[in-house]
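Descriptive structure summary
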Amino acid sequence: PQGCCGLPLQSNGNFPPAREYTRALVARLAPYAREGMMIVANSTSCGLMLKREAREILGIDDEDLALVGERMFDICELLRDLLDEGKIDADFRPLKLRVPYHQPCQGRGHGFGKPALDLLTLIPELELIETDRECCGVAGTYGLKKEKYPIAMRVGAPLFADIAAARADCVACDSETCRWHIAKATGVPSVHPLELLHRAYGLS
């Protein structure tokens, strides 16, 4: 029942309704933050919205948003931190897969390094390829628009070429819109890093 963080509206310039969505979500999450709980997002873009963008772009400046932002963790960021603290193990099974990893722009916006890459490198026999490309071209919902799609494809072309050359089994990426775009452009399945970790733990 949490609702949307408001990012799709913000990305399309609809700031007033975006602020309404953000404030409604923050109101639901703030009580948990006040109790000291961690709030976890599996989308780098939604997490970044609550950490920074609602304040920096929408101009929302209130105590609850600041508190929720402080308690907001990306799922891979949290898992890496827990691993570093010895609170979880990395007892991974081998995965014989060739997997390019693309960090989305929003992931870089968090300023937390590359937690998904840090985790995936621990999986035995996983042949991980860091693409190190700036952008897949989709830019949230920008590249999903009919009139913007050709631009999105041109921007993403270097990444798509890297993936084709890699003869990949699948592509790992933290952002859902990036995964949709990459999979459609390359024909290669695209998964959240968490799916590979799930398999490496023997859970699927």
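You'll find the structure just up there.
Fair warning: this is a prediction, and the values are worked out from it, not measured in the lab.

Some words on the pairing of strand β3 (residues 98–102)
Judged by how many residues are buried, β3 sits mostly within the fold: four of five residues are covered. Bridge analysis of β3 against strand β4 (residues 127–130) gives four bridges, and the strand direction is parallel. Paired with Tyr101 across the two strands is Glu130, which belongs to β4. Relative to strand β5 (residues 171–173), β3 runs parallel, the two being bridged by two bridges. Each residue of the ladder has a partner; that of Tyr101, found in β5, is Ala172.

Quick notes on the side chain of Glu77
Among the structural elements, Glu77 can be located in helix α5 (residues 75–84). Every residue in contact with Glu77, bar those within four places of it in the chain, is listed here: Lys51, Met72, Phe112 and Pro115.

Here we look at the pattern of salt bridges
Applying the stated criterion across every chain yields a total of 14 salt bridges. The network of salt bridges with shared partners includes Arg52, Arg55 and Glu56.

About the criteria used
- Residues numbered from 1 in each chain as written.
- Predicted model: local features only at pLDDT ≥ 70, side-chain atom pairs only at ≥ 80, totals over all residues.
- Heavy atoms only, no water.
- Buried < 20%, exposed > 50% of the residue type's maximum accessible area, 1.4 Å probe, protein only.
- Helix = DSSP H or I, 4+ residues; strand = E, 2+ residues; numbered from the N terminus.
- Pairing = 2+ DSSP bridges.
- Contact = heavy atoms within 4.5 Å.
- Salt bridge = Lys/Arg side-chain N within 4 Å of Asp/Glu carboxyl O.

Purely geometric numbers; function is a separate question.
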